[in-house]
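Results of the structural survey
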Amino acid sequence: MTDWLGLPALASAHGGQIDGLIGWMHLFMFLLFVGWGGFFVYCLLRFRRSRNPVANYAAVKSHASSYLEVGVAVVEMILLFGFSIPLWAARVDRIPAENQALVVQVTGEQFAWNVHYAGPDGKFGRADIKLIDVQSNPLGLDRSDPAAKDDVTTINQLYLPANKPIIVTLRSKDMIHSFGVPEFRVKQDAIPGLTIPIWFIPNVTTAEMRTRTGDPEFQYEIACAQLCGLGHYRMRGFVTVQTAEEFQTWMTAEEEKLRAQESNPFQ
């Protein structure tokens, strides 16, 4: 399906449903284009001036066009109620339980993505706007909070385990941004004052995708899909999908860095 649509390589469990819907919509629109285009050409020839020099006020008595319009409406309703709404509901209303998923907080700002993981305790630490430092603490994380001591943060680097539900809670510090990863078939605006969850299951690791694409430098990219200022073009983040073991190794290494910093804060 993705080949003839020209979509990026698929790397999420739900993406096939979205590709299928996009495929049906394109097919339907193509049929509409051919059908209405053919009807337009027919009308130009059938009712041309040389054949009908005098207007016929009785008009056409056939109801064929009305039947076609009803048929188009029926197909549109099938696409909307049979495909689109159920798919939308699955993405919005059926978010998995947090204890069965990895929950990551992602906060957009001009012009970066701040990523926040809860530590081994599974609790996100308290943040305070007064503690925000663009260079050292962009999220304003309060490390004096016991729940925050083991929290891991990164900038523009989102690490995820493959084949596990991921819940990304989106926020924004300044204006509307848009979190989009085409290969995962996810895109959601991050709006100031709101916390918006999205979820997906990545099922192709970065290493596997590099093999599939033949590109040893391939990276999943978080592209801000909402114009957010003069530096919008450089608001890029990257997702690294790893096996469960690789992800745990990375997380353990980050936790060790935190412990080293805590024991020697002036290092």
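Here's what I pulled together on the structure shown here. Residue numbers run consecutively from 1 along every chain, following the written order of its sequence. A pLDDT threshold of at least 70 governs which residues receive local features in this predicted model, and a stricter bar of 80 or more applies before side-chain atom pairs are shown or counted, although totals over entire chains, interfaces and linings include all residues. As a rule here, side-chain values cover all heavy atoms of the structure and leave hydrogens and water aside.

1. Describing the sheet that holds strand β1 (residues 102-109)
- Pairs of strands are assigned from DSSP output, requiring at least two bridges between the strands. Under the DSSP-based scheme used, a helix requires at least four consecutive residues in state H or I and a strand at least two consecutive residues in state E, with every element numbered from the N terminus. In space, the five strands of this open sheet follow the order β3-β2-β1-β5-β8, with mixed pairing throughout. The open sheet has two edge strands with one neighbour each: β3 (152-155) and β8 (196-200). For this sheet the average axis-to-axis angle between neighbouring strands, irrespective of direction, equals 25°.
- With four bridges joining them, strand β2 (residues 112-117) and β3 adopt antiparallel strand pairing. To obtain each axis, a line is fitted to C-alpha atoms, and for helices this fit is confined to the stretch in contact; angles are then taken between N-to-C directions over 0 to 180 degrees.

2. Details of the pairing of strand β10 (residues 236-242)
- Counting buried residues along β10, six of its seven residues qualify, which places the element largely inside the surrounding structure.
- The sheet contact formed by strand β9 (residues 220-224) and β10 spans four bridges and is antiparallel. Paired with Ala-223 across the strands is Arg-236, a residue of β10. The buried label applies to any residue whose accessible area, calculated with a 1.4 Å probe on protein chains only, is under 20% of its type's maximum; exposed applies above 50%, and partly exposed to all values in between.

3. Quick look at the pattern of salt bridges
- Definition used for salt bridges: Asp or Glu carboxyl oxygen within 4 Å of a side-chain nitrogen of Lys or Arg. Applying the stated criterion to the full structure yields five salt bridges.
- Close ionic contact of Lys-173 with Glu-109 constitutes a salt bridge, the shortest N to O distance being 3.2 Å. Of this pair, Lys-173 sits in the loop between β5 (166-172) and β6 (177-181) while Glu-109 sits in strand β1, placing them 64 residues apart in sequence.
- Lys-173 sits in the partly exposed class, given a relative accessible area of 34%.

4. What to know about unusual backbone geometry
- Each neighbour pair has its own omega, and for Gln-110 with Phe-111 the value is 0°, a cis peptide bond.
- Along the chain, the position of Phe-111 falls in the loop between β1 and β2.
- Phi is positive for Arg-185, close to 55°, though the residue is something other than glycine.
- Note on placement: Arg-185 falls in the loop between β6 and β7 (186-190).

5. A look at the environment of Phe-179
- Counting through the fold element by element, Phe-179 comes out in strand β6.
- What makes Phe-179 buried here is its relative accessible area of 1%.
- For the pair Phe-179 and Asp-189, spaced ten residues apart in sequence, the C-alpha to C-alpha distance is 6.1 Å.
- Two residues qualify as a contact provided that any one of their heavy atoms is within 4.5 Å of a heavy atom in the partner residue. The residues contacting Phe-179, other than those within four sequence positions of it, are Val-106, Trp-113, Leu-158, Leu-170, Val-186, Lys-187, Gln-188, Ile-198, Ile-222 and Ala-223.

6. A closer look at the state of the cysteines
- Defined by distance alone, a disulfide is two cysteine sulfur atoms within 2.5 Å. Inspection of every chain in the model, using the stated rule, returns zero disulfides.
- Here Cys-224 is not disulfide-linked; the sulfur of Cys-228 is the nearest cysteine sulfur, at 3.9 Å.
- With a relative accessible area of 1%, Cys-228 lands in the buried category.

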